[in-house]
Each structure stands twice: as C-alpha cells, then as structure tokens.
Amino acid sequence: MMSLRWGICGTGKIAHDFTAALNSLQFDVAFVGASSKEKAAEFAKLHNVLAHGTYVDLAESDSVDVVYIGTVHSAHKKHCLMMLNKNKAVLCEKPCTLNANDTKEVIAAARSNGVFFAEAMWTRYTPIVIEARKRLQRGDIGKIVMVQSDFGFRADTSNGGRLFDRALGGGGLLDIGIYPLAAASMAFGCTTPVATQAVGSLLGDTGCDVQASVALDYGANRCAAVTYTLLGQTREETTYVGTTGTITLHSPAHCPNTMTITRYATRNEAEKESITIDFPKNESGLPLNFPGSEGLQYQAQAVAEAIAAGNTDSAFFSNDESIAIASTMDAIRRQLGVVYPGDIEMPPIRGDGSSALPV
C-alpha cells in the first residue's frame with residue numbers, strides 16, 4: 001500500500017484522538033493546520049509533527065495527500081471545500097456539514113475534483129459492526145422490520161461552550177443523534193425515510209436541541225425508534241429486530257466491540273450467540289479524550305486502503321448515505337425548531353406552529 005501523508009485540520013479533542021490513532025498505526029502525519037500558527041505549533045509538538053501552520057497553509061502544502069478535518073461543525077463545509085479544491089482527499093468528522101444542501105455541495109466538489117471524500121462515521125469501521133452488517137445482509141435474523149437505538153449522556157448545560165452554541169452547529173442531534181440515525185440507515189439502506197416524526201426540547205434560549213425521540217418510517221413494514229439526550233446517561237444500545245431474531249450492539253453502540261445474536265424458534269424459545277472483538281491498543285503514548293477512541297484506527301486504516309486503491313468514496317459509509325442522513329436531520333430540526341446560520345429555510349412545522357419546549 002502506498003504511503004499516504006496525512007494532514008490534520010483542527011487541534012481539538014477529537015483531532016487529538018485521531019492523530020493518536022494515526023501514530024498508533026505508524027502512519028505519516030505530515031502537517032497540522034489550525035486557526036493560529038501558535039495552536040498548530042503546540043499540537044504538532046505534542047504529536048511529533050514537523051510541519052505546521054494555518055488552515056490555508058495546510059491546503060497549500062505539497063506534502064499532504066489526505067486531510068482529516070476535526071474542526072467545529074460550522075467550519076466543516078469551509079474546510080472541506082478548501083482542501084478538496086486543492087485536490088486533497090478528505091475525511092471529515094461527522095456531521096459533514098450543518099445541512100443537506102451544504103453536504104451535497106461538499107460531495108459535488110469531491111466528485112468534480114476526482115478525489116476521495118468520506119464523512120467520518122467511525123462506527124461503521126469497527127469489526128463488530130462489520131460483522132453485524134454482514135449478518136443482517138445475509139438474513140441471519142430474517143427480514144429487518146425495526147431498529148431501536150439510543151445515545152445519551154449528561155452534559156454540562158451551565159457553561160455554554162460548543163455543544164450549546166447554535167452558531168457552531170450545537171445541539172444533541174448533530175453531535176450524538178446522528179449515531180442512532182446511522183444505525184437505522186445501516187439496516188434500511190441510504191434512503192431518507194418516507195415519514196419522520198420528532199418530539200423534543202431545546203435548552204433555554206440557546207436554540208439548540210437537548211434531546212428528542214424520533215420515529216422513522218422506511219415503508220414496507222420497516223421502522224426505527226431513535227432517541228438521544230444530553231440530560232442523562234442512557235444504555236446506548238442498538239437492536240435490529242428481524243422476523244426470526246434480533247442483533248444487539250451493546251454499549252457503547254457508537255463504538256461497540258460486543259454484540260448478541262438471538263434467534264427465536266418460538267416466542268419463548270431462543271438461542272443466543274455473543275461475540276466480542278477487542279479494540280487495538282493505543283500505541284501513541286498519549287492519553288485519549290474519548291472512550292473507545294482506539295477504534296479510530298480501524299477507520300484510518302480503511303480510508304488509507306480505499307485511497308491507495310484509487311477509490312473516491314467509502315464502502316463503509318458512502319457519500320449518498322451522508323446526504324440521506326443529512327436530509328433526515330434537516331427534517332428532524334424543522335420539527336424541533338432548530339435553525340442554524342446558513343439554513344436556506346428551516347421553519348418549525350409542528351401542528352400548532354410552535355417550536356420545541358424549553359427546559
């Protein structure tokens with residue numbers, strides 16, 4: 001496999017963890033770009049990267065083949081276009097952008113320039129999810145009729161920050177709600193549901209969603225129940241319900257290493273099979289910010305292999321699926337009354353014309 005030279009766009013917590021994954025794999029991290037040269041230099045020193053500078057310096061660098069973008073949500077579109085239009089492959093942290101129109105624009109730029117682009121839905125690259133997907137596709141539990149998926153943790157709602165800054169794309173949906181939506185999409189294909197119904201609440205006057213329950217109808221007797229919250233810890237599991245059994249991805253379902261397959265002979269008779277695949281070790285010598293970030297190595301490896309093979313899309317999480325999920329999130333935000341800068345038109349469409357209730 002060709003030796004790819006990676007650039008890192010952003011110096012936040014997730015960029016740190018992804019760079020640690022690259023270093024664990026002994027990949028070549030060639031350049032760090034940040035909002036200031038000082039931040040870039042500090043990050044580069046920590047991760048033993050020789051070249052560093054601004055985002056523009058990164059885009060202009062001849063020593064970079066692929067860029068990982070880990071900046072705030074609202075900057076993703078700008079940074080993706082900046083790198084893609086310099087013919088650099090891009091792996092962009094989820095969400096790709098703040099809305100479906102912007103996601104389409106980014107993907108169009110990648111296709112126009114003939115370079116690889118993928119949204120970093122790292123869940124899909126974990127071995128246990130790959131195994132679960134294989135079993136779903138070959139019909140191990142019959143026809144999939146329902147998906148149940150949740151994600152929740154208790155965030156600090158008192159100090160503001162990125163998570164509750166609407167200008168930065170804050171709120172629970174784009175941050176964690178995207179994971180159970182992707183879990184449903186994996187079962188039913190990269191299409192938007194025929195119907196979406198969401199109820200939830202916003203945090204005070206921030207305009208950011210803090211939690212929601214979402215019902216998704218994919219037609220042909222296929223549906224999903226998705227919940228997310230920033231107000232408390234949930235079990236964080238995903239269960240695929242088929243006509244003859246279930247597959248459960250155990251907590252944490254956004255980066256799982258264990259699943260249980262249950263096959264029903266009758267309503268009261270079941271055979272269970274559990275599978276665990278341990279994550280690789282963090283070999284970077286640096287502590288990680290998020291649980292399970294060792295699993296980012298799977299994503300980095302798969303992206304490197306795809307680019308080396310000349311692919312311009314990910315077989316694990318396609319560009320078309322990014323667009324479909326972005327469209328679904330737009331529909332959810334309309335119902336919750338969450339509007340981001342740059343949205344063309346996102347009026348609330350509840351029956352009484354109101355937005356979500358504040359908490």
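In what follows, the structure referred to is the one given above.
(A) Quick look at the overall build of the protein. Within the protein, the regular secondary structure consists of 9 helices and 15 strands. Taken over C-alpha atoms, the radius of gyration comes to 20 Å for the protein, in line with the 21 Å a tight globule of 359 residues would show. Taken over the C-alpha atoms alone, the protein extends approximately 60 × 45 × 40 Å along its principal axes. The buried share of the protein, reckoned over its 359 residues, is 55%. Pairs at least 24 residues apart make up 65% of the contacts formed inside the protein by residues separated by at least 6 positions. Surface summary for the protein: the accessible area is close to 15100 Å², and the carbon and sulfur share equals 50%.

(B) Geometry of the environment of Phe-279. Relative to the helices and strands, Phe-279 resides in the loop between β14 (269–276) and α8 (296–308). Sequence separation of Phe-279 and Thr-191 is 88 residues, and the distance between their C-alpha atoms is 30 Å.

(C) Representation of helix α2 (residues 37–46). Those residues of α2 that fall on the buried side of the exposure criterion are Ala-40, Phe-43 and Ala-44. Buried residues along α2 cover an arc of 100 degrees about the axis, so they all sit on one side. Exposed positions of α2 whose direction lies more than 90 degrees from the buried face are Glu-38, Glu-42 and Lys-45. On its buried side, α2 packs onto β1 (5–9), α1 (13–24), β2 (28–34) and β3 (51–54). Backbone geometry just after α2 places Asn-48 at a positive phi near 60 degrees.

(D) Broad picture of the sheet that holds strand β5 (residues 89–93). Read across the sheet, 6 strands follow the order β3-β2-β1-β4-β5-β6 without closing on themselves; strand pairing throughout is parallel. Edge strands, defined here as strands with exactly one partner in the open sheet, are β3 and β6 (117–120). Between one strand and the next, the sheet's axes are offset by a mean angle of 20 degrees, whatever the strand orientation. Alignment of β1 against strand β4 (residues 66–69), held across 4 bridges, turns out to be parallel. Each residue of the ladder has a partner; that of Gly-7, found in β4, is Val-67. Packed on one face of the sheet, α8 meets β1, β4, β5 and β6 and runs near 155 degrees to β5.

The rules behind the values
Residues numbered from 1 in each chain as written. Predicted model: local features only at pLDDT ≥ 70, side-chain atom pairs only at ≥ 80, totals over all residues. Heavy atoms only, no water. Helix = DSSP H or I, 4+ residues; strand = E, 2+ residues; numbered from the N terminus. Rg over C-alpha atoms; globule rule 2.2 N^0.38 Å. Buried < 20%, exposed > 50% of the residue type's maximum accessible area, 1.4 Å probe, protein only. Contact = heavy atoms within 4.5 Å. Areas by Shrake-Rupley, 256 points an atom, 1.4 Å probe, with all protein chains shown as cover. Arc of directions from axis to C-beta. Pairing = 2+ DSSP bridges. Axes fitted to C-alpha atoms, helices over the stretch in contact; angles between N-to-C directions.

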